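For reference, the chains in residue letters:
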Amino acid sequence: MGWPIVIICIVLAGFFYMRMKARAESDRREPDAGVAILDFGRAFPDEAIRAIHATADEKAYFVRLHDGKAGFMAAHGTHFVCHLIEAGKVNVGNADSGRGLKVHFTDFSYLDGVYEFASPEIAAEVSLWLLGSFSPQSELAAL
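Thresholds applied
- Residues numbered from 1 in each chain as written.
- Predicted model: local features only at pLDDT ≥ 70, side-chain atom pairs only at ≥ 80, totals over all residues.
- Heavy atoms only, no water.
- Pairing = 2+ DSSP bridges.
- Helix = DSSP H or I, 4+ residues; strand = E, 2+ residues; numbered from the N terminus.
- Axes fitted to C-alpha atoms, helices over the stretch in contact; angles between N-to-C directions.
- Core = buried A, V, L, I, M, F, W, Y, C linked by side-chain atoms within 4.5 Å.
- Buried < 20%, exposed > 50% of the residue type's maximum accessible area, 1.4 Å probe, protein only.
- Contact = heavy atoms within 4.5 Å.
- Arc of directions from axis to C-beta.

**Student:** In this structure, what is going on with the sheet that holds strand 5 (residues 90-94)? I would like to understand it.
**Tutor:** An order of 5-6-7 is seen for the 3 strands of this open sheet, with the pairing classed as antiparallel. In this open sheet, the two strands that pair with only one neighbour each are strand 5 and strand 7 (113-116). The mean angle between the axes of side-by-side strands here comes to 30°, regardless of whether they run parallel or antiparallel. Here strand 5 runs beside strand 6 (residues 100-105); their pairing, made up of 5 bridges, is antiparallel. Paired with Asn 94 across the two strands is Leu 101, which belongs to strand 6.

Next up, the structure:
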C-alpha cells in the first residue's frame, strides 16, 4: 500500500526538479532588467538610478545615475557584474553597425566589448552618458 505513495512522491519531486532547472536555465539565458536594477542597488546602495538602457541581446545594461555619473552591468549567469564608471576611466567609439558602441574600461578591461543597442538613438544617448561621466582636465589648470 505504501509503494504507490512513495512512487508518486518521487515522480512529483522529479517533476519539480526538472521545472526548477528549466526556469534557472531560462533566467540564465534571458537576464531581467528588474534583477539588474536590484543587483546594482545592492552593489551601490547610495546611487539612485535615473535611466537604464539594455543592449539588444539584454546581456548588458548601461545606467544613468542621479548625479550625472554612469554605471554598467553585465550578465554573469543569474547575477550581474556591476561597475560604477569613474571620470576618465572609459573610452567610447562607434561600432561598425552604427547601432552600437565600442567600450574600453581602463580599470576593468575584462568588461571591454562592442555593445549593440536596439537603435542608433539609444547608442547615442548611452555614449552621451558615458562622455558625461568624463571630466577632462584643462591645459590651463595644469599650468
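**Student:** Help me out: how do you make sense of the nonpolar core in this one?
**Tutor:** Among soluble globular proteins, nonpolar side chains are generally buried collectively. Residues Phe 62, Phe 72, Val 103 and Leu 130 are the most contacted members of the largest nonpolar core, which totals 17 residues. Residue assignment for this core shows that the elements contributing at least two residues are strand 2 (60-65), strand 3 (70-76), strand 6 and helix 3 (120-132). A total of 4 residues in this core trace back to one element, the largest contributor, which is helix 3. The residues contacting Phe 62, other than those within four sequence positions of it, are Ala 51, Ile 52, His 53, Thr 55, Gly 71, Phe 72, Val 103, Tyr 115, Phe 117, Val 126, Trp 129 and Leu 130.

**Student:** Could you clarify how one ought to interpret helix 2 (residues 33-43) in this entry?
**Tutor:** The α-helix winds at 3.6 residues per turn, so residues separated by three or four positions along the chain end up facing the same way. Among all positions of helix 2, only Ala 36, Asp 39 and Phe 40 are buried. Here the buried residues of helix 2 occupy an arc of 100° about the axis, which is enough to place them on one side. Residues of helix 2 that are exposed and point more than 90 degrees away from the buried face comprise Leu 38 and Arg 42. Where the residues of helix 2 are buried, they touch strand 1 (49-54), strand 2, strand 3 and strand 4 (79-85).

**Student:** Looking at this structure, how should I read the sheet that holds strand 3?
**Tutor:** Pairing between sheet strands relies on hydrogen bonds along the backbone, with the strands arranged either parallel or antiparallel. In space, the 4 strands of this open sheet follow the order 1-2-3-4, with antiparallel pairing throughout. Because the sheet does not close on itself, it has two edges, and the strands there are strand 1 and strand 4. For this sheet, the mean angle separating the axes of adjacent strands, direction not counted, is 20°. Of the pairings in the sheet, the one linking strand 3 to strand 4 comprises 7 bridges and is antiparallel in character. Residue Ala 70 lies in a different strand from strand 4, and its bridge partner there is Ile 85. Together, strand 1, strand 2, strand 3 and strand 4 form the strand contacts of helix 2, whose direction differs from that of strand 4 by roughly 55°.

**Student:** How do you make sense of the environment of Ile 49 when you look at a structure like this?
**Tutor:** With respect to the element layout, Ile 49 can be found in strand 1. Look at Ile 49 and you get partly exposed, because its relative accessible area is 30%. Considered as a pair, Ile 49 and Leu 65 are 16 residues apart in the sequence and their alpha carbons are 4.6 Å apart. With residues near it in sequence (within four places) discarded, Ile 49 still touches Ile 37, Phe 40, Val 63, Arg 64 and Leu 65.

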